[in-house]
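Coordinates in review
Chain by chain, the residues:
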Amino acid sequence: GFNCGIVGLPNVGKSTLFNALTNTAKAEAANYPFCTIEPNVGIVEVPDERLYRLAELIKPKKVTPTTIEFVDIAGLVKGASKGEGLGNQFLANIRSVDAIAHVVRCFKDENVVHVEGSVDPVRDIETINYELVLKDLESVERRLEKVKKVAKSGDKKARAEVEALERIKEILERGERIRPYLGEIGEEGQKVVKELALLTAKPVMYVANVDEEGLFEDNEYVEAVKEFAKKEGAPVVKICAKIEAELAELPPQEKEEFLKELGMEEPGLNAVIREGYRLLDLITFFTAGEPEVKAWTIKRGTKAPQAAGKIHSDIERGFIRAEVIRYEDLVREGSIQACKDKGLMRLEGKDYEVQDGDVIYFRFNV
Ligand code: GDP
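Residues numbered from 1 in each chain as written. Predicted model: local features only at pLDDT ≥ 70, side-chain atom pairs only at ≥ 80, totals over all residues. Heavy atoms only, no water.

Regarding the overall build of the chain
The condition that has to hold: Here a helix means four or more residues in a row that DSSP labels H or I, a strand means two or more in a row labelled E, and each is numbered from the N terminus. A simple rule labels every residue: compare its accessible area, found with a 1.4 Å probe on the protein chains alone, to the largest value its type can have, and call it buried under 20%, exposed over 50%, or partly exposed in between. The contact criterion used is simple: two residues touch if any of their non-hydrogen atoms lie within 4.5 Å. In this description, accessible areas are obtained by the Shrake-Rupley approach with a 1.4 Å probe, and a residue is regarded as covered only by the protein chains that are shown. By the counting scheme adopted, Arg and Lys are positive, Glu and Asp are negative, and His together with the chain ends is not counted. Working definition for charges: the position is that of NZ of Lys, CZ of Arg, CG of Asp or CD of Glu.
Looking only at helices and strands, the chain has 15 helices and 12 strands in total. Dimensions of the chain along its principal axes, counting C-alpha atoms only, are 65 × 60 × 35 Å. Looking at the chain as a whole, 49% of its 366 residues qualify as buried. Taking all contacts inside the chain whose residues are at least 6 apart in sequence as the whole, residues at least 24 apart take part in 68%. Of the roughly 19,000 Å² of accessible surface on the chain, 48% is carried by carbon and sulfur atoms. Between the centroid of the 54 positive side chains of the chain and the centroid of its 66 negative side chains there is a distance of 7 Å.

So, in structure tokens, the structure goes:
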């Protein structure tokens, strides 16, 4: 599956957020018999109203949302790249995630100690980012040393790589993350980034953890985070982890009431989950039959046979065609038959790029 790591300094609300996420939206472990789930990994259902609209139409026996994983990566501290705390281990955990949710403290609370002694989210972001930059610099320098030797012998490919590595090194040496420069480092640079799995090349969202008042009006801390994130082109999601944790404990009816009282349309977690989905460049297609209406996750750009392969490798192997109805058409017309009658069901072949919201029936040879 696709996953998003939750990082941040100690005591900013990471575990509170992670627990709220896994409490509310935890997918039934029994549905995932083949995954061994570690305690710091939560499989979280992606809230998608479309799934429930489809279920109302089709009235299936079962409705299954799609999921993404959140990984709680605790323990990052200043000096992590030098092995402070359990620094290296945590940095290795970050290497294995596809995207990062960087939680920053934007609330004041005398009772919650801040590791730096004061609330200053931009300083905190820079502290963590600096550790990631240092770690990347280490990876780049190590690689550079190796490839330089090969380049000396006149190897053209190695020379191109050295050039790309030097360019990346320059960015990191200025203390900057690679992500905003991905467009400027060329194909060779992007190859290097991928091979080294550079930490600062991963997409990031900043999660501003505010107190209750901060939910309704941005406080100075949130404003500072937004300004910082804007420069990087990174999204900011504002939540109150404490309230999310309370919401997560409530049964659905009471949750609705509490949300209404707070003047919120939905839990803030939904925005975190959706933004994670967007960061990973994921889209959703649906299969809709009487036994089950189900949402599936694919990377944007996935072709029909590979999308089918998410369901079963046999369907990919024996792929004949995809019968596709747009979600909007199906909801407007009210049934699959009505869509067929109006010619709104398209037959698509193996080169078809599946679109977000497609409702698909795959034909295949067994
Ligand atoms: P972590 O170290 O980043 O995982 O932080 P925790 O989730 O353990 O939170 C640290 C402390 O901050 C705990 O005592 C939480 O109850 C408290 N905390 C977390 N979120 C909030 C919040 O939104 N408001 C307030 N006032 N306290 C919070």
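On we go from here.
Focus: unusual backbone geometry
Positive phi values are uncommon outside glycine, yet Asn11 reaches one of about 70°. Mapping Asn11 onto the fold places it in the loop between β1 (3-7) and α1 (14-25). Classification of Asn11 by relative accessible area gives partly exposed; the value is 42%. Here the phi dihedral of Asp281 falls at roughly 60°; this positive angle occurs in a residue that is not glycine. With respect to the element layout, Asp281 can be found in the loop between α11 (268-279) and β8 (282-288). Assessed through its relative accessible area of 35%, Asp281 is described here as partly exposed.

Details of helix α12 (residues 304-311)
This is how the line gets drawn: The arc in question is the one spanned by the directions pointing from the helix axis to the C-beta atoms.
Here α12 has its buried residues at Ala304, Pro305, Ala307 and Ala308. Down the axis, α12 shows its buried residues gathered within 160° of arc, on one side only. Elements that come into contact with the buried residues of α12 comprise β8, β9 (292-299), α13 (313-317), β10 (319-326) and β12 (358-364).

Details of the sheet that holds β1
As a reminder, the rule being used: Two strands qualify as a pair provided that DSSP identifies no fewer than 2 bridges between them. To get an axis, a line is fitted to the C-alpha atoms, and for a helix only the part in contact is used. The angle between two axes follows their N-to-C directions and goes from 0 to 180 degrees.
Taken together, 6 strands build an open sheet; the order of strands is β2-β4-β1-β5-β6-β7 and the sheet is mixed. The two strands at the open ends of the sheet, each matched to only one other strand, are β2 (41-45) and β7 (236-239). Neighbour to neighbour, the strand axes of the sheet diverge by 25° on average, direction disregarded. Taken together, the 5 bridges between β2 and strand β4 (residues 67-72) define a ladder with antiparallel strand orientation. Across the sheet, residue Val41 finds its bridge partner in β4, namely Val71. Strand contacts of helix α8 (residues 220-232): β5 (99-105), β6 (204-209) and β7, with the helix running at about 175° to β6, the strand carrying the most contacts.

What to know about the nonpolar core
Applied cut-off: Only buried residues count toward a nonpolar core. Its members are Ala, Val, Leu, Ile, Met, Phe, Trp, Tyr and Cys residues joined through side-chain atoms within 4.5 Å.
Membership of the largest hydrophobic core comes to 64 residues, with the highest contact counts inside it found for Phe70 and Ile94. Setting aside anything within four residues of it in sequence, one finds Phe70 in contact with Cys4, Ile6, Phe18, Leu21, Asn40, Val41, Gly42, Val44, Val272 and Ile273. Membership of the second largest hydrophobic core comes to 21 residues, among which are Ala151, Leu172, Leu196 and Leu198.

Focus: the site of the ligand
Operational definition: A cutoff of 4 Å decides nearness: a residue is near a molecule or strand if any of its heavy atoms lies inside that distance of it. Any pair of nitrogen or oxygen atoms within 3.5 Å is treated as a polar contact; in protein, a donor-acceptor pairing is required on top of that, and neighbouring residues in sequence qualify only through side-chain atoms on both sides. The residue classification treats Ala, Val, Leu, Ile, Met, Phe, Trp, Tyr, Cys and Pro as nonpolar and Asp, Glu, Lys and Arg as charged. All others, Gly included, are polar.
Neighbouring residues of the ligand: 16 residues in total, closest Asn11, Lys14, Ser15, Thr16 and Asp109. Between the ligand and Asn11 there is a distance of 2.7 Å, counted from an oxygen atom to a backbone nitrogen or oxygen. At 2.5 Å from an oxygen atom of the ligand is found a side-chain nitrogen or oxygen belonging to Thr16. Contact with the protein chains hides 77% of the accessible area of the ligand, taken as 570 Å² for the molecule alone. Those elements that place two or more of their residues in the shell around the ligand are α1 and α9 (241-249). The dominant element in the shell around the ligand, judged by the number of residues it contributes, is α1, at 3 residues. Partitioned by chemical class, the residues of the shell around the ligand number 8 nonpolar, 5 polar and 3 charged.

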